[in-house]
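The primary structure of each chain is shown beneath.
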Amino acid sequence: QVQLVQSGAEVKKPGASVKVSCKTSGYTFAGYYMNWVRQAPGQGLEWMGRINPNSGVTEYAQKFQDRVTMTRDTSISTAYMEVNSLRSDDTAVYYCARFEGAFDYWGHGTLVTVSS
Amino acid sequence: DIQMTQSPSSLSASVGDRLTITCRASQSIRSYLNWYQQKPGKAPKVVIYAASSLESGVPSRFSGSGSGTDFTLTISSLQPEDFATYYCQQSYSTPFTFGPGTTVDIK
């Protein structure tokens, strides 16, 4: 069965960086775009960007263009998302989500808390 | 970017009620519209994809319709497990965008 297992919760200080992992199983990792979606506390869903695991080509939402890097390691079927220069308003749950016409499988989410 | 709006933002309903949520896109997205259900503390789950296709395993009381800019999600007879927040999302073009959500709670 398809599974997306994310790394654990993180607490970071403003200005720091965080890297979240999304380990996949149960399907051909290179065959589906992996997306990252975040959700601030009590707020809606926000698409951050995506990576083509086959080519490594990325596409980011404009607001994240300068601070977010998405990568992958095909040898271990894992996607990564790094956010730099963290601010308090980056406090959110970060989800990885496979895309096949829709976000059909999601990770369980990783809470990133940014606090001094 | 394509803007997505939803109405209502919240509603109270009873078990057995028929429920309709509306989603509107700022430009035509043809049928590239998906609906997600999210319960507190959980990841979203797709219920309808491509505007009107029922995701595998989702009860048939859920249905979707529309194309172009106007879409609806209907739950024909609300069940206790359906109380949640529902989001529409366009997959016509990147950046993919979500509606602000509709929270369905118990009357």
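Here, every reference points to the structure presented above.
Summary of the structure given here. It should be emphasised that the depicted structure is a prediction, and the values quoted were computed from it without experimental measurement. (Residues numbered from 1 in each chain as written. Chains lettered and ligands numbered in written order. Predicted model: local features only at pLDDT ≥ 70, side-chain atom pairs only at ≥ 80, totals over all residues. Heavy atoms only, no water.)

When helices and strands are tallied, chain A shows zero helices and 11 strands. Listing each helix as α and each strand as β along chain A from the N terminus yields β-β-β-β-β-β-β-β-β-β-β. Relative to the compact-globule value of 13 Å for 116 residues, chain A shows a C-alpha radius of gyration of 13 Å, a close match. Residue pairs in contact within chain A that sit at least 24 positions apart in sequence constitute 50% of those at least 6 positions apart. Of the roughly 5,400 Å² that chain A leaves accessible, carbon and sulfur atoms contribute 45%. Of the charged side chains in chain A, 11 are positive and 10 negative; the average position of the first set lies 4 Å away from that of the second. (Helix = DSSP H or I, 4+ residues; strand = E, 2+ residues; numbered from the N terminus. Rg over C-alpha atoms; globule rule 2.2 N^0.38 Å. Contact = heavy atoms within 4.5 Å. Areas by Shrake-Rupley, 256 points an atom, 1.4 Å probe, with all protein chains shown as cover. Lys, Arg positive; Asp, Glu negative; His and termini not counted. Charge placed at Lys NZ, Arg CZ, Asp CG, Glu CD.)

Residue and element names in this part refer to chain B. Of the two faces of strand β2 (residues 10–13), the one holding Leu-11 and Ala-13 is buried and the one holding Ser-10 and Ser-12 is not buried anywhere. Pairing between β2 and strand β11 (residues 102–106): four bridges, direction parallel. Within β11, the residue paired with Ala-13 across the bridge is Ile-106. (Buried < 20%, exposed > 50% of the residue type's maximum accessible area, 1.4 Å probe, protein only. Pairing = 2+ DSSP bridges.)

Applying the stated criterion to the full structure yields two disulfides over all chains. Put simply, Cys22(A) and Cys96(A) are joined by a disulfide, and their sulfur atoms are 2.1 Å apart. Sign of the S-S torsion, about 75° for the bond between Cys22(A) and Cys96(A), identifies this disulfide as right-handed. Separated by 74 residues along the polypeptide, Cys22(A) in strand β3 (residues 18–25) and Cys96(A) in strand β9 (residues 92–99) bring together distant segments of the chain. The residues Cys22(A) and Cys96(A) share a single accessibility class, namely buried. Cys23(B) shares a disulfide with Cys88(B); S-S distance 2.1 Å. (Disulfide = S-S within 2.5 Å.)

So, on to the pairing of strand β9 (residues 85–90) of chain B. Residues and elements named next belong to chain B. Of all six residues in β9, six are buried, a share of seventy percent or more. Burial along β9 is two-sided: Thr-85, Tyr-87 and Gln-89 facing one way and Tyr-86, Cys-88 and Gln-90 facing the other are all buried. Taken together, the six bridges between strand β4 (residues 33–38) and β9 define a ladder with antiparallel strand orientation. Its bridge partner being in β9, Tyr-36 is matched across the sheet by Tyr-87. Alignment of β9 against β11, held across two bridges, turns out to be antiparallel. When the bridges of β11 are listed, Thr-85 appears paired with Thr-103. Direction of pairing for β9 relative to strand β10 (residues 97–98): antiparallel, over a ladder of two bridges. Along β10, the bridge assignment pairs Gln-89 with Phe-98.

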